Amino acid sequence: MRALSEKFMQDLIRKDGMLHPVLERVRKDRTLMFAIRENYVNIYYRGGNILRITQRTNDSYMAEFNGEYDKFDHGLPDSPSVIGAREDAEKWIDSFPYRKEVMDEFFSNHEKTEREFQQVIARENNQSVISNESEYFITDIEFADNALKARFDMTSVCWPASNRRTGNHCHAALIEVKYADTAIDGTSGLIKHLEDMTALISDRDHYAQLLNMMESQFNQLDQLELLNFNKGTSEAKIKLDPEDKPEVIFIIANHNPRSSKLNDIVNDPEMEKFEFSRLFDLRFFVASFSGYGMHVRNMLSLSEFRKLL
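Residues numbered from 1 in each chain as written. Predicted model: local features only at pLDDT ≥ 70, side-chain atom pairs only at ≥ 80, totals over all residues. Heavy atoms only, no water.

Our next topic: the sheet that holds strand β2 (residues 40-45). Taken in spatial order, the five strands of this open sheet run β1-β2-β3-β4-β5, and their pairing is antiparallel. On the outer flanks of this sheet lie β1 (32-36) and β5 (82-83), each paired with one strand and no other. Sheet topology places β2 next to strand β3 (residues 48-55); six bridges connect them, and they run antiparallel. From the neighbouring strand, Y44 faces β3, where its bridge partner is N49. Strand contacts of helix α2 (residues 20-28): β1, β2 and β3, with the helix running at about 125° to β1, the strand carrying the most contacts. (Pairing = 2+ DSSP bridges. Helix = DSSP H or I, 4+ residues; strand = E, 2+ residues; numbered from the N terminus. Contact = heavy atoms within 4.5 Å. Axes fitted to C-alpha atoms, helices over the stretch in contact; angles between N-to-C directions.)

In structure tokens, the structure reads:
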């Protein structure tokens, strides 16, 4: 289960907590994203892992930087592999500008465009100046769980603005991001993703476990003040009902309107069986003029999307 222990949470939240400097930096730095895993967190920069913090059995945490980004040994500051005090966490924070520079150089030669856009989408809807207006909150990116037989780009909770007095009017939204037309067909194309989503949601035990995980991630991100929205006087925690149909959403970034590939795929007879699925509502996100703020009214059905194309 992707969740943090109470001790982990308190070490992040408490002003005197040993991990509080990391949380404070993420709150202030919009180029960073905080992702909750099972007893560890990933801090993402441009979709890449700038810091992983893993809880250990004693009162300390393992800290790691993805060495893939520093194959040429740029002489990064010496940051402790174990965080046992605030000073250790602060050393990591002080090293972030140098690590970002190394990652920028790496990404200039090894682009991770789709991952980078996932982080942009999460920032827009979770922590930007328009996130209070958004109706979709991103709980995770690059989701992969072999036990659940689940793999997709993003998980999110749809919480319509008119229903925020309680946490009972939410539903899950599972998202695939496709950057450019080269990513919309083949073994990781739209139809293959829909087949995988059908298999996951059909397994009611696995699907219920996924919803429990999403609830926990949302509520812990909220507790960490990493979701910027107005709940009014309500302190409701969200609840996802396995009997509610989720949305399966495609976000197709930078489609070439001169290409016929997308039109051919959405008009493929294979797509028909997913339009009126008893398991989920298929939706295609269309931006409100420009940007990635997500609203219920921006989600088109397959037939509506075909007309738009």
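Before going further, it helps to examine the sheet that holds strand β11 (residues 299-300). Here we have six strands laid out as an open sheet, ordered β6-β7-β8-β9-β10-β11, and mixed in their pairing. Across the chains shown, the open sheet's two edge strands, defined by having one partner strand only, are β6 (136-145) and β11. When strand β7 (residues 150-158) meets strand β8 (residues 171-179), the two strands line up antiparallel, connected through five bridges. Residue pairing across strands places C158 opposite H171, the latter belonging to β8.

Next up on the list: helix α3 (residues 86-109). Compared with an ideal rise of 1.5 Å per residue, which puts 24 residues at 34 Å, α3 spans 35 Å between its outermost C-alpha atoms and is within 8% of the ideal. A bend of about 45° at F96 is the largest found in α3, and the proline P97 appears one to four places after it. The elements touched by buried residues of α3 are α2, β1, β2, β3, β4 (61-64) and β5. (Expected span 1.5 Å × (residues − 1). Bend = angle between axes of the 7 residues up to and from the residue.)

A word on the state of the cysteines. For the coordinates displayed, the defined rule picks out zero disulfides. C158 forms no disulfide, and the closest cysteine sulfur to it belongs to C170, at a distance of 8.0 Å. With a relative accessible area of 0%, C158 lands in the buried category. Note on C170: relative accessible area 2%, which makes it buried. (Disulfide = S-S within 2.5 Å. Buried < 20%, exposed > 50% of the residue type's maximum accessible area, 1.4 Å probe, protein only.)

All right, on to the environment of F107 then. Relative to the helices and strands, F107 is located in helix α3. Among the residues examined, F107 registers a relative accessible area of 3% and is labelled buried. Through-space distance from the C-alpha of F107 to that of R86 is 31 Å; in sequence the pair is 21 residues apart. Leave out the neighbours within four places in its chain, and F107 touches Y45, R46, G48, Y69 and K112.

All right, on to the pattern of salt bridges then. Summed over the entire model, instances satisfying the criterion amount to 20 salt bridges. Between K261 and D185 there is a salt bridge, with the nearest N and O atoms lying 3.6 Å from each other. Highlighted residues: K261 in helix α7 (residues 261-266) and D185 in the loop between β8 and α5 (190-202), separated in sequence by 76 residues. On the accessibility criterion, D185 (35% relative accessible area) is partly exposed. (Salt bridge = Lys/Arg side-chain N within 4 Å of Asp/Glu carboxyl O.)

Right, let's get into the nonpolar core. One finds F34, I43, I50, L210, F280, L282 and F284 to be the most contacted residues of the largest nonpolar core, which totals 76 residues. Beyond its immediate sequence surroundings of up to four residues, I43 is in contact with V22, V26, L32, M33, F34, G48, N49, I50 and L51. Membership of the second largest hydrophobic core comes to 20 residues, among which are M33, I141, V177 and Y292. (Core = buried A, V, L, I, M, F, W, Y, C linked by side-chain atoms within 4.5 Å.)

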